[in-house]
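Coordinate analysis (summary)
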Amino acid sequence: GNDVMLYLGSSEVEPPGYIKTKKFRSLDDLLKMIDEMLSFDVIIVPAAISDFKIEKKEGKLKSDKEINLSLRPAPKFLKILREKYKNELIAFKAEFGYDILIKESRKMLDDYSLKFVVANDMRDVKRDLTKILIVTKNDVKEYSGKKSEIALKILEFYMSIIV
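Quick look at the structure, then. Model, not experiment: these values are computed from the prediction.

Some words on the pattern of salt bridges
Counted by the stated rule, this structure contains 15 salt bridges. Here Lys79 ties to Glu83 by a salt bridge, and the two come within 3.4 Å at their closest N and O atoms. Of this pair, Lys79 and Glu83 are both found in helix α3 (residues 77–84), four residues apart, which corresponds to roughly one turn of the helix. Given the relative accessible area of 46%, Lys79 is considered partly exposed. Notably, a salt bridge pairs Lys137 with Asp110, separated by 3.1 Å at the nearest N-O pair. On the criterion of sequence distance, the pair formed by Lys137 in the loop between β8 (129–135) and β9 (140–146) and Asp110 in helix α4 (residues 98–111) is long-range, its members being 27 residues apart. Asp110 shares its class with Lys137; the two are exposed. Through salt bridges that share partners, Asp124, Lys131 and Glu142 make up one connected network.

Here it is in structure tokens:
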């Protein structure tokens, strides 16, 4: 019963035609779309945008010699979004190891004024199955199963805390 807009970067899966979709190719493209997101009731940011950008080189790169690529830090999408967007924001965090995952998720709660973070230990993420932790300031809830089932659990949790 809700209006949903999917902002989709690079993906192997084509979304169903009944879901309104806006595609983007780069972080810069996505950043240009933030202003149109400001009226949304809730934004879920389930995927990490790359932390680094390749430094651009002028001219054509010659294929007859080795080249070195330089990476520079990319702007943090979540930070820029939160500076402009004041409604509900649900973010995800991925790390290797539960201790660092919970610690970094709790830091995100404060840094981005979030009610909870959906956390993934990368060792638990499989093609169709996953395990998540929903991290709040005082609690950690664990869910595992098919990704479609997990998505419903996240929405149910969200609904339980806003009512």
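What to know about α4
Between its first and last C-alpha atoms α4 spans 20 Å; for 14 residues at 1.5 Å apiece the expected length is 20 Å, and the two agree. Within the sequence span of α4, burial applies to Leu101, Ser105, Met108 and Leu109. Across the axial projection of α4, the buried residues extend over an arc of 105°, all falling on one side. Along α4, the residues that are exposed and aim more than 90 degrees away from the buried face are Asp99, Lys103 and Asp110. Packing partners of the buried residues in α4 comprise α3, β6 (88–95), β7 (117–121) and β8.

Remarks on the sheet that holds β7
Pairing in this open sheet of five strands is mixed, and the strands run β3-β6-β7-β8-β9 from one edge to the other. For this open sheet the edge positions go to β3 (42–45) and β9, each flanked by a neighbour on one side alone. Sheet twist, expressed as the average angle between the axes of neighbouring strands with direction ignored, equals 20°. Judged from the four bridges that link them, β3 and β6 form a sheet pairing that is parallel. Bridged to Ile43 within β6 is Leu89. Sheet strands in contact with helix α5 (residues 147–162) are β3, β6, β7, β8 and β9, and its direction is about 150° off that of β9.

A few points about the side chain of Arg82
Along the chain, the position of Arg82 falls in helix α3. It turns out Arg82 is buried and unbridged, and the closest side chain with the opposite charge, Glu88, is 6.1 Å from it. The contact partners of Arg82, leaving out residues within four places of it in the chain, are Asn87, Leu89, Tyr112, Ser113 and Leu114.

Notes on α3
Among the residues of α3, those classed as buried are Phe77, Leu78, Leu81 and Arg82. Along the axis of α3, the buried positions cluster into a sector of 125°, meaning they face one direction only.

A closer look at the side chain of Ser105
Following the sequence through the fold, Ser105 ends up in helix α4. Its relative accessible area of 0% is what places Ser105 among the buried residues. In contact with Ser105, not counting residues within four places along its chain, are Lys93, Val117, Ala119 and Val135.

Quick notes on unusual backbone geometry
Despite not being glycine, Ser113 has its phi angle at roughly 50°, a positive value. The exposure class assigned to Ser113 is exposed, which follows from its relative accessible area of 56%.

Considerations on the environment of Glu95
Mapped onto the elements, Glu95 comes out in strand β6. Of the residues examined, Glu95 reaches a relative accessible area of 22% and is grouped as partly exposed. The contacts of Glu95, once residues within four sequence positions are left out, are Ile100, Leu101, Glu104, Asn120, Asp121 and Met122.

Quick notes on the rules
Residues numbered from 1 in each chain as written. Predicted model: local features only at pLDDT ≥ 70, side-chain atom pairs only at ≥ 80, totals over all residues. Heavy atoms only, no water. Salt bridge = Lys/Arg side-chain N within 4 Å of Asp/Glu carboxyl O. Helix = DSSP H or I, 4+ residues; strand = E, 2+ residues; numbered from the N terminus. Buried < 20%, exposed > 50% of the residue type's maximum accessible area, 1.4 Å probe, protein only. Expected span 1.5 Å × (residues − 1). Arc of directions from axis to C-beta. Contact = heavy atoms within 4.5 Å. Pairing = 2+ DSSP bridges. Axes fitted to C-alpha atoms, helices over the stretch in contact; angles between N-to-C directions. Lys, Arg positive; Asp, Glu negative; His and termini not counted.

It is worth stressing that arrangement in space is one thing and function is another; only the former is reported here.
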